[in-house]
Amino acid sequence: MSPVNAVLRRELRSYFVTPVAYVFLVIFLVLAGILTFYAGDFYERGQADLQPFFMMHPWLYLILVPAITMRMWAEEAKGGTLELLLTLPLTLWQAMLGKFLASWLFIGLALVLTFPIWITVNYLGSPDNGVILAGYLGSWLMAGSFIAIGACLSALTRSQVVAFILTALVCVLLILVGQPQVLDFFSGTLPRRLINAVAHLSMLRHFEAIARGVLDIRDLLYFLLSMIGWLLAGVLLLDLKRTR
Amino acid sequence: MIETDQLTRCYGNLTAVDALSIRVEPGQVLGLLGPNGAGKSTAMRMIAGFLVPTSGTARVCGHDVSREPLKAKRALGYLPEGAPSYGEMTVREFLQFIVRMRGFKPDAGYRRFDAVVQQLQLEEVLGLCIDTLSKGLRRRVGLAQAILHDPPVLMLDEPTDGLDPNQKHAVRQLIDVMARERTILISTHLLEEVHALCNRVVIIARGKLLADATPAELEARSRYHGAVSFSAPGSGMSQEMLGRLPQVAAIEVDPLDGRITVFPKPGERILEPVETLLRKQGLEVSEIQLERGRLDEVFRQITTGNGGAGSAAGEHA
């Protein structure tokens, strides 16, 4: 697995030598704080938990994850380094996995850096830290799924802008598809079973379940499978490009 | 060793590489020559495993690039066209990345790193960002990347493009040194490079192999091969005399500097008779030259399909 490690280290380093990493971290932390306190009514709720904090994450990821993943393959294709990378002795899977893990670890770091809010809530009251840990886990898994989507769609194009827009679009669809408003809209026209099936595709529904502290194997599987599925699609896309 | 068998690549209706079969042995430096868009880079990309052939196969050291891609890639050092590298990395970081990708143990990795840095004289730029380097330096970083794992097969896509004469010389010396036990495939459109580097030349155009020969054999196909040229003022009379020599096919006078070129009939040597005649005439000849043949002329003939190209293609088809 040493090529995966080499790619991972190179990607992580490239985040930190360009301003990408710092801009991302600052915006993520500032927005997470502001949204939690102002939009999430952190104090007014009078409850010692981080629900308002976690409920903002899907919307933060919607903008910030595509910004991280858009360059993943598009930049390499445009700059010609794709040819260099793919003629080194590694498989497409290893390259994809290395890049994916770099982004995922990076988001993990961003999540870890939100620890002051965890300290705050522990200072103010006595929350259930197990639920908070589950919330972090769910958030990180959801971020992983978004990153896998971005990795796949970045492999589709040489344009980073196109990669960003496509990724944001797919992510917003996956967030909204389980919302009651959307489901109600289709409830008259589509059969009930189909609507139920579609509702289960929703990121938000699985994320909220985990963030409430309920670790259901189905929710975990949902995120793991969606990561594997999108990464696989990305690898197939890259392979297809070599024949065209 | 590099072998390709009926290697073909199509982009839609365009056939970029058309049933190319070549075989390069250890110790050979093969120059892949062709006009821009001839399919040189496409052929190399297939051998390197970056592009999948539409049909046909390529093998590196006996490993089929489609069936055993990792083994083939391990045996191959490849410099892609334009020497792409990660611009935001420093030279040191980039080469260390390659060391890790090539799976070296730390000790061996450091040794190779040092050796290559020294070989390509990169000591002074190790800490600089690749983005800030000159074109020549970037090319050298690309070369360092290609030879880092000391591969038995080396494939370089226009290795001296954009280098100044001194750097070209240095790169050619490096390739010369490496050539002894290795298989080297170089693409170029610089004809001087063929003389300087290659012991075999393959000319392709529109994806087809048109000639496969040594540089000397190619020169021998030139109209100028064995021709004698000289400058002599007031040689109007002797031109007629030269024309009467039985070995002479034609005489041309350069309208600009008045230099006279005498072409032999096929298989004839004309340096001596021409010299004897000139001496007899008592002409002052400042300098007289026996031409080896002009590669650029042969190249044009073969790739544009004029003159002798038909027969040249026929011999090797």
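It should be emphasised that the depicted structure is a prediction, and the values quoted were computed from it without experimental measurement.

A. How the structure looks around the overall build of chain A. For chain A, the count of helices and strands is 13 helices and 0 strands. Element order for chain A, N to C, with α for helix and β for strand: α-α-α-α-α-α-α-α-α-α-α-α-α. Here chain A has a C-alpha radius of gyration of 19 Å; the compact-globule value for 244 residues is 18 Å, and the two agree. Residues classed as buried in chain A amount to 39% of the 244 residues present. Long-range contacts, defined as pairs at least 24 residues apart, comprise 81% of the intrachain contacts of chain A with a sequence gap of at least 6.

B. Summary view of the overall build of chain B. Per the secondary structure count, chain B includes 12 helices and 15 strands. Looking at chain B as a whole, 42% of its 317 residues are labelled buried.

C. Representation of the interface of chain B and chain A within the structure. The interface of chain B with chain A comprises 21 residues on the first partner and 20 residues on the second. Mapped onto the side of chain B that touches chain A, the elements with two or more residues apiece are helix H2 (69–75) and helix H3 (91–101) of chain B. Among the elements that take part in the side of chain B that touches chain A, H3 of chain B stands out by supplying 4 residues, more than any other. Broken down by class, the residue content of the side of chain B that touches chain A amounts to 11 nonpolar, 4 polar and 6 charged.

D. Here's a closer look at the sheet that holds strand S11 (residues 208–213) of chain B. Residue and element names in this part refer to chain B. Read across the open sheet, the 6 strands follow the order S7-S8-S9-S4-S10-S11; overall the sheet is mixed. Only two strands of the sheet have a single neighbouring strand rather than two, namely strand S7 (76–79) and S11. For this sheet, the mean angle separating the axes of adjacent strands, direction not counted, is 15°. Examined bridge by bridge, S7 and strand S8 (residues 153–157) share 4 bridges and lie parallel to one another. In the strand pairing of S8, glycine 77 is matched with leucine 154. The strands touched by helix H11 (residues 295–304) within the sheet are strand S4 (29–33), strand S10 (200–205) and S11, with S10 carrying the most contacts at an inclination of about 40°.

E. Representation of the environment of proline 266 of chain B. All names here are of chain B. Among the secondary structure elements, proline 266 is positioned in the loop between strand S14 (260–264) and helix H10 (271–281). Residue class for proline 266 comes out exposed when judged on the 7 C-beta atoms lying within 10 Å of it. Sequence separation between proline 266 and glutamine 247 is 19 residues; the distance between their C-alpha atoms is 8.5 Å.

F. Quick peek at the domain arrangement of chain B. Here chain B is described as being made up of domain 1 (2–220) and domain 2 (228–290). Between the C-alpha centres of domain 1 of chain B and domain 2 of chain B there is a distance of 44 Å.

G. Local environment of the sheet that holds strand S13 (residues 248–253) of chain B. All names here are of chain B. If you trace the 4 strands from one edge of the open sheet to the other, you get S13-S14-S12-S15, paired in antiparallel fashion. Each edge of the open sheet is held by one strand with a lone partner, namely S13 and strand S15 (287–290). Strand after strand, the sheet turns through a mean of 15° between neighbouring axes, direction not considered. When strand S12 (residues 228–231) meets S15, the two strands line up antiparallel, connected through 4 bridges.

H. Broad picture of the pairing of strand S5 (residues 55–60) of chain B. Residues and elements named next belong to chain B. As paired strands, strand S1 (residues 2–11) and S5 are joined by 5 bridges and run antiparallel to one another. Bridge assignment links threonine 8 to a residue of S5, and that residue is serine 55. Linking S5 back to strand S6 (residues 63–64) in an antiparallel pair, the connection comprises 2 residues, with cysteine 61 at a positive phi of about 50°.

I. Main features of the packing of H3 of chain B against helix H4 (residues 106–119) of chain B. All names here are of chain B. Close contact between H3 and H4 brings their axes to 10 Å; oriented N to C, the two are set at 135°. Put simply, H3 runs oblique to H4. Taken as a pair, H3 and H4 cross one another with a handedness that is right-handed. The residues of H4 that touch H3, namely those facing Leu95, Gln96 and Val99, are Gly109, Arg112 and Phe113. Here the residues of the contact of H3 with H4 sort into 3 nonpolar, 2 polar and 1 charged.

J. The nonpolar core, seen in detail. The biggest cluster of nonpolar side chains holds 141 residues, and the ones touching the most others in it are Ala151 of chain A together with Ile47, Ala144, Met155 and Ile203 of chain B. Considering every element that reaches this core, the biggest residue donor is helix H8 (residues 129–154) of chain A, with 12 residues. Ranked by size, the runner-up nonpolar core spans 10 residues in total, among them Leu242, Ile260, Phe263 and Ile270 of chain B.

K. Molecular detail of helix H5 (residues 135–147) of chain B. All names here are of chain B. Over its 13 residues, H5 runs 19 Å from end to end, which matches the ideal 18 Å to within 8%, given 1.5 Å per residue. Taken across its 13 residues, H5 has 11 buried, putting it largely inside the fold. Taken together, the buried positions of H5 are occupied by Leu137, Arg138, Arg139, Arg140, Val141, Gly142, Leu143, Ala144, Gln145, Ala146 and Ile147. Those residues of H5 hidden inside the fold are in contact with S7, H3, H4, S8 and helix H6 (165–178).

L. Layout of the environment of glycine 31 of chain B. Residue and element names in this part refer to chain B. Turning to its location among the elements, glycine 31 is positioned in strand S4. Sequence-wise, glycine 31 and arginine 45 are 14 residues apart; in three dimensions their C-alpha atoms are separated by 16 Å. Setting aside residues up to four positions removed in sequence, glycine 31 forms contacts with Ile186, Thr188, Glu193, Val194, Leu197, Cys198 and Val201.

M. Molecular detail of the confidence of the model for chain B. Residue and element names in this part refer to chain B. Here chain B averages 87 in pLDDT, and 95% of its residues register 70 or above. Taken element by element, the predicted model of chain B shows its lowest mean pLDDT in helix H12 (residues 309–316) (38) and its highest in S7 (96). Counted against residues more than four places away or in other chains, residues 307–317, with its pLDDT under 50, gives 13 contacts. Interface scoring of the predicted complex returns ipTM 0.88; its pTM is 0.88.

N. Molecular detail of unusual backbone geometry. Residue and element names in this part refer to chain B. Unlike most non-glycine residues, glutamine 6 shows phi in positive territory, near 55°. Residue position: glutamine 6 is located in strand S1. Judged by the 12 C-beta atoms lying within 10 Å of it, glutamine 6 is exposed.

O. Summary view of the packing of helix H6 (residues 92–112) of chain A against helix H13 (residues 217–243) of chain A. All names here are of chain A. The geometry of H6 relative to H13 is characterised by a closest axis approach of 10 Å and an angle of 130° between their N-to-C directions. The angle between the axes of H6 and H13 places the two elements in the oblique class. At the point where H6 passes H13, the crossing takes the right-handed sense. Here Leu92, Trp93, Met96 and Phe100 of H6 come into contact with H13, specifically with Leu231, Gly234, Val235, Leu238 and Asp239. Within the contact of H6 with H13, the residues separate by chemical class into 7 nonpolar, 1 polar and 1 charged.

The rules we used
- Residues numbered from 1 in each chain as written.
- Chains lettered and ligands numbered in written order.
- Predicted model: local features only at pLDDT ≥ 70, side-chain atom pairs only at ≥ 80, totals over all residues.
- Helix = DSSP H or I, 4+ residues; strand = E, 2+ residues; numbered from the N terminus.
- Rg over C-alpha atoms; globule rule 2.2 N^0.38 Å.
- Buried ≥ 20, exposed ≤ 12 C-beta atoms within 10 Å, placed from the backbone.
- Contact = placed C-beta atoms within 7 Å.
- Nonpolar A, V, L, I, M, F, W, Y, C, P; charged D, E, K, R; others polar.
- Pairing = 2+ DSSP bridges.
- Axes fitted to C-alpha atoms, helices over the stretch in contact; angles between N-to-C directions.
- Domains from an automatic or database assignment.
- Parallel < 35°, antiparallel > 145°, perpendicular 65-115°, else oblique.
- Left-handed = near helix turned anticlockwise from the far one by under 90°.
- Core = buried A, V, L, I, M, F, W, Y, C linked by C-beta atoms within 7 Å.
- Expected span 1.5 Å × (residues − 1).
- pLDDT = per-residue confidence, 0-100.

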